[in-house]
Amino acid sequence: MATAIPQSAARRRRPDSPKKNLEARTTDEKGSKDEVVWGKTPGGIVFRVPTTHDVLTALFHPSYPKSHLDILNLGLLGLQLVLFAYLSNHVARIFFLFYFAFWRAAYDLGLGWVLTKQSKKKWIVREVQRLGWLDESRKPAIRAWIKKQLAGKMGKDYSFDDLPLEYNTWLLFRQLVDIILLNDFLAYCMFAFSCFRVPTGLSLGVHIMRWIGGIALIAFNLWVKTEAHHVVKDYGWYWGDVFFQRGALVFDGVFEMAPHPMYSVGYAGYYGLSLIVGSYPVLFASLAAHACQFAFLVFFENPHIERMYGQRKLLAKRTPLSRPESYPESDLKSRPLARTSSQVSDTPSFTDGETATETETETESNIHSPGHSPSSSVSRERSTSSEKDPLIKRTRTKSVNQHDLLNRYFRKDVIGFKNIDLLRGSDIKLVLLVAYVLLISSIPSSLSHSATLSLYFFHALFWRFVHSVGLGVLLRAQSNHKYMVRHYIKHYHYQEGAAGAVVEAFANWKQIYTLSLSMTYVSFIVLAWKTYHIPTNWTVGDELLRHTLGGLLIALHVWAATESLQVLGVFGWFFGDFFIEDYPATLEYTGIYRYLNNPERTMSGAAFFGFALISGSKLVFFLAVISHLAHWGFLHFVENPHMAKLYGSSIRKDAGLTKVIKKVTHKQAKLIRQRAPELGRVAQEVRGTFEKVYEETAEVVEDFLSKSKPRIEGVVQDTKFLLQQSRERLVITRIASDISSYDTSKYTMSVLASKQPSLGATKFHLGEPIRVRWSAPELHSRKDWIGIYRLGANRSNLVTKTSSLGMWAPVHDEEWDGDVPLLGHSSSRAQDKDHASDQLEHGEVVFKGDILPWLPGKYEIRYHHDGKYNVMSMAGPLEIYVEKPVVMDYESVRSTLSHIVVLCLDSDPSLIPLSASGSGSDNEHSDGSGGDPDDFRFWSEKQAKRIAIGIKEAFDVEYAPEIIVADANVASLTRRILVSRELLER
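Residues numbered from 1 in each chain as written. Predicted model: local features only at pLDDT ≥ 70, side-chain atom pairs only at ≥ 80, totals over all residues. Heavy atoms only, no water.

Enquirer: Hey, could you go over the overall build of the protein for me, with residue numbers and the actual values?
Expert: Counting secondary structure elements, the protein contains 26 helices and 16 strands. Looking at the protein as a whole, 48% of its 986 residues qualify as buried. Here the contacts in the protein between residues at least 6 apart in sequence split such that 78% fall between residues at least 24 apart. In the form shown here, the protein has an accessible surface area of approximately 47800 Å², with 60% of it arising from carbon and sulfur atoms. (Helix = DSSP H or I, 4+ residues; strand = E, 2+ residues; numbered from the N terminus. Buried < 20%, exposed > 50% of the residue type's maximum accessible area, 1.4 Å probe, protein only. Contact = heavy atoms within 4.5 Å. Areas by Shrake-Rupley, 256 points an atom, 1.4 Å probe, with all protein chains shown as cover.)

Shown next, in the form of C-alpha cells:
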C-alpha cells in the first residue's frame, strides 16, 4: 500500500511556526465534533478539511453510494475473479504475472512520475486548470460529473463549491489511486493462487511450519498497514501533502518499529503468501515488486520529502565550542550514540536526522534554528569529565569550532574501498595487499583440497583475531590510559606539542583499522569462494533458496551499513571519541538508531551468514559464528565500558522497536485480564517466572547479539569539461511552426557594458552578472527566452541544436514559474498580426548565479522564439575571463582571490567575507557569530566549485572543492596558494 509520509525527520511539518513541536499529534479525521482540521493550499487559501472514509468501507460497504469510478473499480476486480475461475492454471499464471506487472508499473512508475511532477510543478492541479474540468464556465458537464462522483462519497461536512481546487483535485486523484492499489493487490493474489503447489520431499512438520509462518507474516502485514493508516490517515495514505498542507503529523506506533514501515515490513505478506503457495516464481515476483516499491521510495518519496520539509544548511559554518580558556583534552568528550557524533560533518543536507522518540523530541525544534550546530541540536546532552592528564593539558589560543576540527582530523579517509587514492602510501599498501590475497587465491594449489581449505580458514581466523581482539586491546588501552597518544609523545617530536601527537596517533589508527577491517572481510569472502561450487541443477533441493536468502542477507548488511554510516559519520566509524576530545558529549537517536539502540548487533553480521548460506559450507558457517562471538567480546569489553564511562545513565534503555513490542504486549495482556481474569492470573505468574530468568540472562543475551559492520560512503566525482561538451549535444530541438509570421529583423539584442568600463561590453569577469537589453515586436511570444552558448557550439544561426546547460532566462521572467510558463498568458500572438504595429517592446535580462557560464572562454547570446529553438537574434561574442595578479606576492594574491570569492558567492552579504564587503573588520556576521573577517561561507558546494575554477585560472593551482570548504578563509587560502606556487615552481 502507499505511504506518503515515512517516519523520517524530513516529514516534520511546521506550516505555522518553524519552532512548533514536531511531534504534535494530528487531528483525527474521524475525531469528535468539536475538533476541526484546517488545510492550506500553496496559494495561501485556508479551508476546513472534511471527513473522509477509507477505501474498503466506501467501496465494499453496500450502504455507501457508488460512483462511476467505484463501479469501474469493482468491475475490474470482478473481471479478475472471473478470469481466475475460467482460465487454466498454466494460462492463468502467465496472464496474471503480466497483469500484476502492469498494475505494479502503474503504481510505482505511473504514480511516481505523476506525483513527482505534482510535487515539483503542481502539474496535476495545473492540468486540471488548463483543461477546465472544474471550471463551470468552460466545462460545466465535466464539472457536474466530477462533483457528483466526489460528493456522493463524502460526508455532510463536504461542500464541493466551497473547497479549493487543490482539495477537490486530490479527491479525484484518490479515485485513480484506489483503482491502481486494489487491482495491484488482487492481481498479485491471483498470480500467487495460480502458482499454488505442495512441495515434495518435505516432512509434515515442515509443511505445518511453512503454513504457520506464512499466515503469521500475512497477519503481521495487515497489522502494520492498519496501524500505519491509523497514524497517517487518508491525508498521508494518498500523498495529500503533494496537494495541500494540513497540520502537524505524529509518527508513533508502528512508525517507531522500522524505517518506512509501509514500504519495508509492510510487505511481509508477500513472503508469507510465497511460503504458503510454495512457489519460486511467486517469491521472485514478490522480490521484484518489493524492489520496485523501494525504487518508488528512493526516486519520488525521499526527494519529495527533501523539497517539502528539508532545510538548507550552511557549509563551512564555524560554530564555536563553548569551553573554558584552559582545559584538559580529557574533559572534552564526544560520543553521540555508538561512538558517533551523528552530524559532525559539513556535508550539506536537505534534511536532518529522523525525529527522536519521547523526550528526545523536546529539543528538535532547535535543530533547524540558525546558529545551532548539529551536535548542539541533540536530544540529550551531557558534559563528562575524566581524570585530568597533565601530559595533554593545553591552553586555548583560538576559539575551536567543529568545522575546523573535522577538517583537521579527517581528510577523505578510506571507508571500505571508497576514497582510494593510489598516491597515498596507506592506500596503495591496502590495494596491493588485497590484490595479492585475491591473486594467490586464484592460483591452483599443489596442496590437497582439505589442506587448502584449512589454510584459508586459519588465514581468515587470523584476521578476525587481529581485528576483534588485537584492535580491541589497543582501543581499550587508549580509552583507559591514552596508550597510543602517549606512545607518539614518547617516541616522536612535535613542535605543536601534544596536539600533534593526537593528530598523528588518530591518523595512524584510521589506517590500521581500515587495513584490518578490509582484510577481515576479504579473507572471509576468499574462504567462502574456495568452498563454493556452482550448482549443476538449481531446481533440485534447496540450492535456489539458499542463494536467494544469502543474497538477501548480504543486501540487508549493505543497507544497514549505509544507514548506520549516515548517522555515525566518519567520526563514529573510526571510533573518534577514543582520541578526539574537543567535540561535546552528545547522544542522538536518529535515522536507523531511532528503531534500534545498536543496529550493528542485529544486522551487521548478516553478510557473514549470507556467504555461509550461499557457499553451503559448514566451515564458513563456523567462521561466521566465531566472527559473531568475537565481535560480541569486542562490544562487551571495549565499546560498552567506554560508552558507560562517557554517558552513564543517559544511554537509552528501550529503542523504538522495543517500545512497540512492549506496547502491543501490554495492550493484549490488558485485554486478556479483562476477558479472562483467571487466565490473566496464570499469565502473571508465568510472566514473573520469565522476568526472573530474563534478569539473570539479559546482559549476556544483549551483548551476544552485538556485531560490527563496514560502512559505505559515496563520493561524487566532479564533472569534467569534456563531459560538459558531450552533454551539450543531448537536446531534442523543437522548432516553431509559425516562425514565418514574425519579422526577425525587428528582434535585436545588445550586451550592456561590464562594471569595469575599460573592458567594454565584450569582457566579463567570471561570476560577474551579464545584462542583456533586448527589443522585439510588440506582439512577440510571451514564451521567448535568451540563452548563452559557447562560441562555435552551434553551426546554424537559424536554429539552436545544443543544450544551454541551464544558462538561459525567459524574456518575461515574471510570467514563468521556474522553467514552466504560467497559465493565462498567450504563448504566441501571431494571430493578431493584422492589428500589429511597428512599435517595439524593450526589456532587460540579467544572467547571474547558476545561469552564468562558470568556465572562462568565448560565448554568444541567442534570442529564441516561443519556448522553442528558433533563433530570432544573436549578440556577441563576449569573453568570460579571470583576472590574474601582476606579481605573486601576498597582497596581490589576496586582492585577486578576494575579488574571485565575492563574485563566486554571488556577492551575497551573508556569505562573503567581511573584509571584502567594506563593512569593516570589526563587524560581526549577520547571524551574530563573529569570527575572522576573512571567513566566508557557502549555500552549496557549487559555490566552492566556482571558487576552485577561479583559482585554477588565476593562479594555475588546482584544488578540490573540499579544500575550499575546509579553508573557507581568504587569508588561509592565500597562504595555501603561495605555498603551492612555490612548490610547483621548484
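Continuing now.
Enquirer: Give me the packing of helix α6 (residues 165-194) against helix α8 (residues 268-277): which residues, what numbers.
Expert: Two packed helices can be described by the angle between their axes and the distance between those axes. Taken N-terminus to C-terminus, the directions of α6 and α8 make an angle of 20 degrees; their axes are 10 Å apart at the nearest point. Put simply, α6 runs roughly parallel to α8. Pair α6 / α8 crosses with right-handed handedness. The segment α6 lies against α8, with Asp184, Tyr188, Cys189, Ala192 and Phe193 engaging Tyr270, Leu273, Ser274 and Val277. Within the contact of α6 with α8, the residues separate by chemical class into 7 nonpolar, 1 polar and 1 charged. (Axes fitted to C-alpha atoms, helices over the stretch in contact; angles between N-to-C directions. Parallel < 35°, antiparallel > 145°, perpendicular 65-115°, else oblique. Left-handed = near helix turned anticlockwise from the far one by under 90°. Nonpolar A, V, L, I, M, F, W, Y, C, P; charged D, E, K, R; others polar.)

Enquirer: Tell me what's going on with helix α2 (residues 68-86), and back it up with residues and numbers.
Expert: An ideal rise of 1.5 Å per residue puts 27 Å on 19 residues; α2 measures up with 26 Å between its terminal C-alpha atoms. Buried within α2 are the following residues: Leu69, Asp70, Asn73, Leu77 and Gln80. Taken end-on, α2 shows its buried residues confined to a sector of 120 degrees, consistent with a single buried face. Opposite its buried face, α2 presents the exposed residues Val82, Ala85 and Tyr86, each directed more than 90 degrees away. Among the structural elements, α1 (55-60), α3 (89-121), α5 (140-151) and α6 are those in contact with the buried residues of α2. (Expected span 1.5 Å × (residues − 1). Arc of directions from axis to C-beta.)

Enquirer: Can you explain helix α24 (residues 941-955)? Please cite residues and give values.
Expert: The end-to-end C-alpha distance of α24, which contains 15 residues, comes to 21 Å, matching closely the 21 Å that a straight helix rising 1.5 Å per residue would cover. Three or more residues of α24 are buried, namely Gln943, Ala944, Arg946, Ile947, Ala948, Gly950, Ile951, Ala954 and Phe955. After α24 finishes, the residue Asp956 shows a positive phi value of roughly 60 degrees.

Enquirer: Account for the environment of Trp463, with residues named and values stated.
Expert: Assignment of secondary structure puts Trp463 in helix α12 (residues 449-481). On the basis of relative accessible area, Trp463 is assigned to the buried category, the value being 14%. Distance from Trp463 to Leu515, taken between C-alpha atoms, is 10.0 Å for residues 52 residues apart in sequence. Leave out the neighbours within four places in its chain, and Trp463 touches Leu433, Ser516, Met519, Thr520 and Ser523.

Honestly, that's just the spatial picture; any functional story needs more than this.
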